[in-house]
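Inside the fold
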Amino acid sequence: MRDIESREDIEAVLKAFYTKAFLDREIGFFFTEIIPIHLETHLPQIASFWETVLFATKGYHKDVMAVHRHIHHLSAITKAHLDQWVLLMIATIDEHFSGTKAELMKQRARSIATMMNIKLNHEGIER
Ligand code: HEM
């Protein structure tokens, strides 16, 4: 298996990920009911985000936390949801790619999800 080398590779991971995510018992409803996602319009945004993370490009300028804070207000994103999201993302990456960028994508998926959990579910409680 080869490493993630291009935006096309990122798009391949994301297509496979959202195919799983849409059907997932625990988190599927976010994508089908809370904010119905149309992959044709969403994939370019999400691919740009990951291109920025993995290849230090400058194509993504939105505030990912604000997007998810909005979703969280419509329907709470719990730690269990985030854990399931990470599990699916890691499984998907492992099914398609292996190497430094693949490892980096898994590590960033974990760390951003951890940060999201703190910001959505803990911020303001201890301060
Ligand atoms: C349970 C966990 C999560 C759920 C349910 C979720 C759900 C969603 C939904 C419904 C959207 C579409 C929002 C919209 O169009 O208004 C979205 C967008 C997005 N998500 Fe997530 N998400 C989760 C975790 C994550 C994590 C951990 C990351 C990053 C590592 C991430 C990255 C993104 C990005 C980059 C977008 C595109 C935002 C944009 O339009 O610019 N998500 N997510």
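Before reading further, recall that the structure is shown in the block above.
The structure reproduced in this document is the subject of the present report. Just so you know, these numbers come straight off a predicted model, no measurement behind them. Here the residue index of a chain counts from 1 through its sequence in written order. With the structure being a predicted model, the display of local features is reserved for residues of pLDDT at least 70 and the display and counting of side-chain atom pairs for 80 or more, all residues being used for whole-chain, interface and lining totals. No hydrogens and no water enter the side-chain calculation; it runs on all heavy atoms of the structure.

So, about the environment of His68. With respect to the secondary-structure elements, His68 resides in helix H4 (residues 64–74). A C-alpha to C-alpha distance of 8.1 Å links His68 and Met116, two positions 48 residues apart in sequence. Note on definitions: a residue-residue contact is assigned when non-hydrogen atoms from the two residues lie within 4.5 Å. With residues up to four places along the chain from it excluded, the contact list for His68 reads Ile77, Met116 and Leu120. Reaching out from His68, the side chain makes a polar contact with the backbone oxygen of Val64 at a distance of 2.8 Å. Only DSSP runs of H or I covering at least 4 residues are called helices, and only runs of E covering at least 2 are called strands; the numbering of each starts at the N terminus. In protein, a polar contact requires one atom able to donate a hydrogen and another able to accept it; more generally it is a pair of N or O atoms within 3.5 Å, and residues adjacent in sequence count only if both atoms are side-chain atoms.

Attention shifts here to the side chain of Ser48. Looking at the secondary structure, you find Ser48 in helix H3 (residues 39–55). Setting aside chain neighbours within four positions, we find Ser48 in contact with Arg7, Gly59 and Tyr60.

A separate point is the packing of H4 against helix H6 (residues 100–121). Packing of H4 against H6 brings their axes to within 11 Å, and their N-to-C directions diverge by 55°. One way to sum up the angle between H4 and H6 is to call them oblique. Here H4 and H6 pass one another in a crossing that is right-handed. Across from Val64, Met65, His68, Arg69 and His72 in H4, the residues of H6 making contact are Met115, Met116, Lys119, Leu120 and Asn121. Amino acid classes used here: Ala, Val, Leu, Ile, Met, Phe, Trp, Tyr, Cys and Pro are nonpolar; Asp, Glu, Lys and Arg are charged; the rest, including Gly, are polar. When grouped by side-chain class, the residues that make up the contact of H4 with H6 number 5 nonpolar, 3 polar and 2 charged. Axis definition: a line fit to C-alpha positions, over the contact stretch in the case of helices; interaxial angles, taken between N-to-C directions, run 0 to 180 degrees. To sort the angles, those under 35 degrees are grouped as roughly parallel, those over 145 as roughly antiparallel, those from 65 to 115 as roughly perpendicular, and the leftovers as oblique. Should the near helix be turned counterclockwise from the far one by less than a right angle, the crossing is left-handed, whereas a clockwise turn marks it as right-handed.

Proximity is defined per residue: any heavy atom of the residue falling within 4 Å of a molecule or strand makes that residue near it. Around the ligand sit 21 residues in total, of which His42, Tyr60, Lys62, His68 and Ile71 are the nearest. Gln45 places a side-chain nitrogen or oxygen 3.4 Å from an oxygen atom of the ligand. Tyr60 is positioned with one of its side-chain polar atoms (N or O) 2.6 Å from an oxygen atom of the ligand. When each cavity is represented as a set of grid points, the ligand is found to reside in the largest pocket. Mapped onto the shell around the ligand, the elements with two or more residues apiece are helix H2 (28–34), H3, H4, helix H5 (79–96) and H6. Looking at the shell around the ligand element by element, the count peaks at 5 residues for H3. A 1.4 Å probe that fits into a set of points on a 1 Å grid over the protein atoms alone but cannot get out defines a cavity; an open set with protein on both sides within 12 Å along at least five of seven lines defines a pocket, and lining residues are those with an atom within 4 Å of a point. Assignment of a molecule to a cavity or pocket requires that more than half of its atoms lie within 2 Å of the corresponding grid points.

Don't take any of this as a statement about function, it's just geometry.
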